Amino acid sequence: MPTEAARIHRDTSADPEFGPWLAQASILVVDDEPGMRNFLLRTLGPRCKRLELAADTDEASRKLDEHHFDVVILDNIMPKKNGVEWLAEQRAIGFFADTILITAYADLETAIQALRAGAVDFILKPFRSNQLLNAVARCLDRIRLQRENYVLRYELKATSDHILLRDRLIGESAAIGRVRDTIARVARLPTSVLLTGQSGTGKEVAARSLHTLSDRAAKPFVPVNCGAIPPEMIESELFGHLKGAFTGAERAREGLFLHAQGGTLFLDEISEMPPATQSKLLRVLEDRKVRPVGSEREVPVDLRLIFATNAELEKEVQAGRFRADLFFRINVMQIHLPPLKERDGDAVELATLFMNKLSAQLGMPAVPIDETARRALSNYDWPGNVRELRNLIERTLILGRFPDGFGPGVAEPSGGGGGSLADIERRHILSVLAACDGQRDEAARRLGISRKTIDRKLVAWGV
């Protein structure tokens, strides 16, 4: 016998009366009365993306294990177990969806119990369809705002270098053109993507482009810097936790995987993920379910995963710092972001763009990029890539001129210093480090590269 669910035609266009998010919602109805289930089927079925019906709490529990639901509409008085008791049990083992309780028997004690159990709304029977639809719309708006606010706060906390123009790859070089072509081919596929390249080459920009060109563009894009999360907190941040799961967990919270539900999760600096979390991530990739900390239930997730690293993962695997099975699982489609020095002509184009945007943002007059500056921009090695270029332009605007020492002599491999591009890079990093009195964090900030990059370079140079 087929599962009882909404089988009628759905108009997936947004319903302007009840908000644009209803058409993409997944809803579970739990009610023992066939007539009420049929009424809710006719009311919600044509308006939402997925509607499942359950005749009792046992069937509802099975459906929660199989699918993710944005909203649960729950009857209170049912033969086996009332809705409030079931809701309290589900919250205790891992259940995050907003719940609307419907009942024909209203009293203050029931309302208090429902709120304590985690219901977010309360509707009395009999009710009109508009009452229910408005309640569902309120739930969806609340979910959307909570997730957007959390993701925005996370982005502000996790990164200190918000790069302009992060939603598109700029440049006309053949190297970046090949990257754009590959992104266009893979964007609409469900395939996971691994982005590689040096720090500052635009891996997050590429990830956002993949999301924007995919059929998930209307859903969240959630960037996560795995290296910026303390190892003891990363599991909770990614997968969520229940109330009381650990000291300080005063309430249940969805993790970043659930915040990205339906959209794209971008895991940057994947090589920095602790081994224990690597194991859990591998299971998520295989089962498409996450287990919040302290939860007995695995929550189904539907999202696209994009990974990025500036490390050579093959060497990390050989050194035992990265799981081989996880590497093979994420290395389905690899896109390499070329360093700025290999993008002929792009440095000048990007500098012009940054100059115009940053001058407007800072309220300072743009500094002309004359022929001498253009030649220096084209010849310089850019060890910090696009991020270093952006920082240079901001410094230039603050000073009202290009900084001392920036010019053809810095970039050209001729003269007393001479040598290869690697030699020029070494001299430049060491000179900036010396100007900062050996303070590596400050040197990294000025260069627009990470502290870890400087550490690796100095070890390699024996400094």
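As the structure is a prediction and not an experimental result, all values here were calculated from the model. Per-chain numbering applies: the sequence of each chain, read as written, is numbered from 1 onward. In keeping with the predicted nature of the model, local features appear solely for residues at pLDDT of at least 70, side-chain atom pairs appear and are counted solely at 80 or more, and the whole-chain, interface and lining totals rest on all residues. The basis for every side-chain value is the complete set of non-hydrogen atoms in the structure, without hydrogens or water.

Novice: An account of the overall build of the protein chain is requested, with residue identities and associated values reported.
Specialist: A tally of regular secondary structure across the protein chain gives 19 helices and 14 strands. Note on exposure labels: buried denotes an accessible area under 20% of the residue type's maximum, exposed denotes more than 50%, and partly exposed covers the range between, all computed with a 1.4 Å probe on protein chains only. Taking all 463 residues of the protein chain together, 51% fall into the buried category. Residue burial considers only the protein chains on display, and all accessible areas are found by Shrake-Rupley using a 1.4 Å probe. For the protein chain, the accessible area works out to roughly 22,000 Å², and carbon and sulfur atoms hold 51% of it. Where helices and strands are cited, they refer to DSSP runs of H or I of at least four residues and of E of at least two residues respectively, numbered from the N terminus.

Novice: Outline the sheet that holds strand β3 (residues 71–75), supporting the account with residue identities and numerical values.
Specialist: The criterion for strand pairing is that DSSP finds at least two bridges linking the strands in question. Here we have 5 strands laid out as an open sheet, ordered β2-β1-β3-β4-β5, and parallel in their pairing. At either margin of the open sheet sits one strand with a lone partner, and together these are β2 (50–54) and β5 (121–124). Between one strand axis and the next, the sheet turns through 20 degrees on average, direction left out of account. The sheet contact formed by strand β1 (residues 26–30) and β3 spans 4 bridges and is parallel. Residue pairing across strands places Val29 opposite Ile73, the latter belonging to β3. Whether two residues are in contact is decided by their heavy atoms, any of which lying within 4.5 Å being enough. Think of each axis as a best-fit line through the C-alpha atoms, taken over the contacting stretch in the case of a helix, with angles from 0 to 180 degrees between the N-to-C directions. Where helix α2 (residues 57–66) meets the sheet, its contacts fall on β1 and β2, and the angle it forms with β2 comes to roughly 145 degrees.

Novice: Describe the confidence of the model for the protein chain, and please don't skip the residues or the numbers.
Specialist: Regions with low pLDDT carry predicted coordinates that are not meant to be interpreted in detail. Per-residue confidence from the predictor is reported as pLDDT, which spans 0 to 100. Summing up the model confidence of the protein chain, the mean pLDDT is 84 and the portion of residues at 70 or higher is 88%. Residue range residues 1–14 is modelled with pLDDT below 50. Its contacts to residues more than four positions away, or to other chains, number 29 contacts. Here residues 158–166 is a poorly scored stretch, pLDDT under 50, and it has 21 contacts once near neighbours within four places are set aside; other chains count.

Novice: Account for a nonpolar patch on the surface, with residues named and values stated.
Specialist: Residues with no salt bridge and a relative accessible area higher than 30% make up the patches, which join like charges within 9 Å and nonpolar side chains (Val, Leu, Ile, Met, Phe, Trp, Tyr) within 5 Å. One side-chain nitrogen of Lys or Arg within 4 Å of one carboxyl oxygen of Asp or Glu is enough to make a salt bridge. Taken together, the side chains of Leu362, Met364 and Ile398 make up a nonpolar region of the molecular surface, amounting to roughly 240 Å² of accessible area. As for its placement among the helices and strands, Leu362 is situated in helix α13 (residues 346–362). On the basis of relative accessible area, Leu362 is assigned to the partly exposed category, the value being 33%.

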